[in-house]
Amino acid sequence: MHAARLRSLQALGIFCGFAAGAWLGGAEAPIKLVNPDISPITVSLIMVCGVFLARWSVPAFVRGTAHVRNDVRQAPHLVVWAVLAGCMWAVANTLTIYAIRNVGLSIAFPLWNTNSLLGIFWGFLLFNELHYAGWKRWLGVLGGAAGMFAGATLLAIASSHQAAPGKAALGVFAALGAGILWGTMYIPYRKAYLTGMNPLSFITFFTIGELATMAALAIGYRGATPLWHELATARPVLFWLMLGGFVWVLGDLFQQYATKYVGISRGIPLSNTNQLWGLLWGVLVFHELAGGSPMVYAEVAGGSLLMALGAVAIALSSATEREHSSWKEVAEREGQRYGIEDEYVRAGIEGRAYETGPTRRTLLDWLLILGTTVLFAALALVARLPHLNISIGWAAVLVLAMFSLLAAGGVALWRTTRFR
C-alpha cells in the first residue's frame, strides 16, 4: 500500500472513532425516558429489536444486500464469529440498563469504558497492533488511554451523588461486566476486518446473535405471557427504545470502520469519547448534576479535559508503515487458516473493491428500507414523552451535532473507500 493511501485510511479511521463516540453516547439517552417499572430485560429486548432493523436496513440502503452475499461466499467462517459477537453484545447491553438505572449515565459510562484498556491488550496480543510502533506511539496510545480513564474516573466521582441508595454496588458491577464483554467482543471485529470482510456485511450477521440471545434471556427471565403483557403496556415508549437501538447501530458502524482502519487498540479508545457525549446528555438534557457544588463542576471540567487530551494523544499515534506490515502478517495468517483468497484479504485491508457478483439494490433491499421506515413512523405516532425535566433546546443542539458528524463521516467514507 502506498504511504499516502495508508495515511488517508488512518485519518478516516480516526474520524470514524470520534463520530462513533457521538452516536454511541446519544444511543443511551432514550433509556432515561422509560418508566423504571419496565424490566431492564424487556428494555434491552426492545432496543435489540431496533438494532436488528437497523443492522439490516442500513446496509441495504448504503450498499445493498448483494454485497453481503458476496462477502459470505468469500469468508463464511466469519458468520460464526459475528453471531458470537452479537451474543456478547446482547448480554453487555442488558447489563448497561441495570447500570444506568442504578448509578446514572454519568457514572455508568466511565465504568464500562474500561473496555478500551482490554481492547489495547487484545490488539497487541492477538493482532500485532503496536508491534514496531516505537516508544512515542506506545506512549501516545497507553498514555492517552490512561488519561481518558483518569478523566472518566473524575467524572464518575463528580456524579457519584446520583447513585440510587443501596443499589450502587449492583450498578457498578453491571457496568464493569459490560466493559469486559464489550472489550472481548472486539476480537471477532478485528478478525473480520483483517480477513477482508466489509463492516456492513459483518453487522448483519452480528444481529442474529443479538436477537437470539436477547429473546432467550427475556423469555427465560420473564416468561412468555408476562413478557407479552409488559411489551403491550410499554407501547408509548417502544419508539424511544427502538430508536436508541437504531442510533446505537449508526455509532457502532462508525466504530467498526475505526476498528478496521486503525485497529482496536486505537479505534476503541477513540470511540469511548462517548463518555463526553453521555455526560453532555446527562448534564445538559436530563440535569443529572443539578445543584452540584463548585467542586463537582471543577471535577467535571477536569475530567472532560483529561479525556479530550487522551483522545488527541491517541489520534496522533497513527500506525507506522512497519507496524502496518505486521498487521498484514496477521491478515495473511488468517487468510491461510481459513482458505481465503489473498486478493480478497488485501482488498479489504486497503479499502478497495473486490466484487464477484451483482451490486445493484434488489427488491429485498427496498422492502427492508421501506418496512423499517413505516414501522418507526407508526411507533412514533403512539409515542409519548414522560413527565421529566428535559431541556429540549440542548437536546436539539446535540442531535444537530450528531447529524453533522454523520453527514461528514458518510461523505468521507464514500470518497475514500466507497464504504468498503
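Placed above this text is the structure.
Residues numbered from 1 in each chain as written. Predicted model: local features only at pLDDT ≥ 70, side-chain atom pairs only at ≥ 80, totals over all residues. Heavy atoms only, no water.

A. Inspection of helix H7 (residues 168-195) at higher detail. Between its first and last C-alpha, H7 extends 42 Å over 28 residues, near the 40 Å set by a 1.5 Å rise per residue. Gly-196 occupies a position one or two residues after H7 and carries a positive phi of about 115 degrees. (Helix = DSSP H or I, 4+ residues; strand = E, 2+ residues; numbered from the N terminus. Expected span 1.5 Å × (residues − 1).)

B. How the structure looks around the nonpolar core. If you look at the biggest cluster of nonpolar residues, it comprises 102 residues, and the most contacted ones within it are Trp-89, Trp-112, Trp-182, Met-185, Phe-202, Tyr-257 and Trp-281. Considering each element in turn, this core owes the most residues, 16 residues, to helix H10 (residues 235-262). Grouped together as the second largest cluster of nonpolar side chains are ten residues, Ile-14, Val-262, Ala-311 and Ile-314 included. (Core = buried A, V, L, I, M, F, W, Y, C linked by side-chain atoms within 4.5 Å. Buried < 20%, exposed > 50% of the residue type's maximum accessible area, 1.4 Å probe, protein only.)

C. Up close: a nonpolar patch on the surface. A cluster of nonpolar side chains, Phe-121, Phe-124 and Leu-125, forms an exposed patch at the surface whose accessible area comes to about 280 Å². Looking at the secondary structure, you find Phe-124 in helix H5 (residues 115-127). Taking relative accessible area as the criterion, Phe-124 reaches 35% and is therefore assigned partly exposed. (Patch = residues over 30% accessible without salt bridge, like charges linked within 9 Å, V, L, I, M, F, W, Y side chains within 5 Å. Areas by Shrake-Rupley, 256 points an atom, 1.4 Å probe, with all protein chains shown as cover. Salt bridge = Lys/Arg side-chain N within 4 Å of Asp/Glu carboxyl O.)

D. Spatial organisation of empty space enclosed by the protein. Under the defined criterion, the tally for this structure stands at four cavities of 30 Å³ or more. In this structure, the largest cavity occupies an estimated 130 Å³ of space. Around the largest cavity, the lining is made up of 15 residues, and of these Asp-71, Gly-196, Asn-198, Arg-352 and Tyr-354 lie nearest the centre. Only helix H3 (65-74) and helix H15 (342-350) provide two or more residues apiece to the lining of the largest cavity. The residue inventory of the lining of the largest cavity, partitioned by class, reads four nonpolar, five polar and six charged. (1 Å grid on protein atoms, 1.4 Å probe; cavity = no way out; pocket = protein on both sides within 12 Å on 5 of 7 lines; lining within 4 Å. Points joined across faces, edges and corners; volume = space filled by probe spheres on them. Nonpolar A, V, L, I, M, F, W, Y, C, P; charged D, E, K, R; others polar.)

E. The layout of surface pockets, seen in detail. In this structure, the largest pocket spans a volume of roughly 840 Å³. If you go around the largest pocket, you meet 32 residues; those closest to its centre are Trp-23, Leu-243, Val-247, Met-402 and Phe-403. With nine residues, the top contributor of residues to the lining of the largest pocket is helix H17 (residues 392-417). Across the lining of the largest pocket, the residue classes tally to 29 nonpolar, three polar and no charged.

F. Spotlight on unusual backbone geometry. The phi dihedral of Asn-128 falls on the positive side, at around 60 degrees, and the residue is not glycine. Counting through the fold element by element, Asn-128 comes out in the loop between H5 and helix H6 (135-158).

G. A look at the environment of Val-72. Looking at the element boundaries, Val-72 is found in helix H3. Those residues in contact with Val-72 that lie beyond four places of it in its chain are Val-79 and Phe-205. (Contact = heavy atoms within 4.5 Å.)

H. Focus on the pattern of salt bridges. Scanning the entire structure with this criterion turns up eleven salt bridges. We note a salt bridge from Glu-210 to Arg-55, for which the minimum N-O separation is 3.0 Å. Note that Glu-210 is positioned in helix H8 (residues 199-222) and Arg-55 in helix H2 (residues 40-62), a separation of 155 residues in sequence. The pair formed by Glu-210 and Arg-55 is uniform in burial state, with each residue classed as buried. The salt bridge involving Glu-343 is made with Arg-352; its shortest N-O contact spans 2.7 Å. For Glu-343, a relative accessible area of 28% puts it in the partly exposed group. Judged by relative accessible area, Arg-352 falls into the partly exposed class, the value being 31%.

I. Structural context of the environment of Ile-38. When you line up the elements, Ile-38 lands in the loop between helix H1 (3-27) and H2. For Ile-38, a relative accessible area of 9% gives the class buried. Ile-38 sits 193 residues away from Leu-231 along the chain, and the two C-alpha atoms are 8.9 Å apart.

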